[in-house]
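Observations on the three-dimensional arrangement
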Amino acid sequence: MKQHEAITESIERQTRTHDRARAALLPILHDIQAEYGHVSEDAVRQIASALNLTRAEVHGVVSFYHDFRASPQPLPVLKLCRAEACKARGVEALVEGAERAAAGKVAIETVYCLGLCSVGPNAMVGKEVHARLDADKLNALIGAAA
């Protein structure tokens, strides 16, 4: 019940902040994702009701953006950029070794741009971005995240 009430509070706060209810959808989803690590079906129902959206509309947004997840991730997450700039700087050569190092300890998620294209390859753990990765640095980052 505590989570239900916290979601309600987030919805109320964000809808007060924005002129239009629809404009509050992404901030509400970000709040809930940050607090609970996922956007539950209960949260989708509450958000849809509060913003006069269908559950399908809210679910569509949750499933479209890679930062939102419908269920909790039991492992720490390392987001590895595999966009063109990081590919040009050698990220693909790091993937196999990183997956071996992370096996069962860290979830590696592919993302397409962390905003540091000139200093790739890049990865993000939590809110911290790490640049100029090589195999040793990436494996150390995986070890630290585990």
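First, a word on what this report is: a plain description of the structure on this page.

Scoring rules and cut-offs
- Residues numbered from 1 in each chain as written.
- Predicted model: local features only at pLDDT ≥ 70, side-chain atom pairs only at ≥ 80, totals over all residues.
- Heavy atoms only, no water.
- Helix = DSSP H or I, 4+ residues; strand = E, 2+ residues; numbered from the N terminus.
- Buried < 20%, exposed > 50% of the residue type's maximum accessible area, 1.4 Å probe, protein only.
- Contact = heavy atoms within 4.5 Å.
- Areas by Shrake-Rupley, 256 points an atom, 1.4 Å probe, with all protein chains shown as cover.
- Lys, Arg positive; Asp, Glu negative; His and termini not counted.
- Charge placed at Lys NZ, Arg CZ, Asp CG, Glu CD.
- Patch = residues over 30% accessible without salt bridge, like charges linked within 9 Å, V, L, I, M, F, W, Y side chains within 5 Å.
- Salt bridge = Lys/Arg side-chain N within 4 Å of Asp/Glu carboxyl O.
- Polar contact = N/O pair within 3.5 Å; in protein donor to acceptor, adjacent residues only side chain to side chain.

A word on the overall build of the protein. Along the protein, the regular secondary structure elements total seven helices and four strands. Counting helices and strands in the order they occur from the N terminus, the protein gives α-α-α-α-β-α-α-β-β-β-α. Dimensions along the principal axes, computed over C-alpha positions, put the protein at roughly 50 × 30 × 25 Å. Per-residue burial for the protein yields a buried fraction of 37% across its 146 residues. Once local pairs closer than 6 in sequence are excluded, the contacts in the protein between residues at least 24 apart make up 63%. Carbon and sulfur atoms provide 51% of the accessible area of the protein, an area that totals close to 8,500 Å². Placing the 17 positive and 18 negative side-chain charges of the protein at their respective mean positions leaves the two points 2 Å apart.

This part takes up a nonpolar patch on the surface. Where nonpolar side chains cluster on the molecular surface, the patch consists of Leu26, Phe64 and Tyr65 and spans about 320 Å² of accessible area. Inspection of the secondary structure assignment puts Tyr65 in the loop between helix H4 (55-64) and strand E1 (77-81). Looking at Tyr65, the relative accessible area reads 37%, which means it is partly exposed.

This brings us to the side chain of His38. For His38, the position within the fold is in the loop between helix H2 (25-36) and helix H3 (41-51). The exposure class assigned to His38 is buried, which follows from its relative accessible area of 12%. There is a polar contact of 3.2 Å between the side chain of His38 and the backbone oxygen of Tyr36. Once residues lying within four places of it in the same chain are set aside, the contact partners of His38 are Ile32, Gln33, Arg69, Ala70, Ser71 and Pro72.

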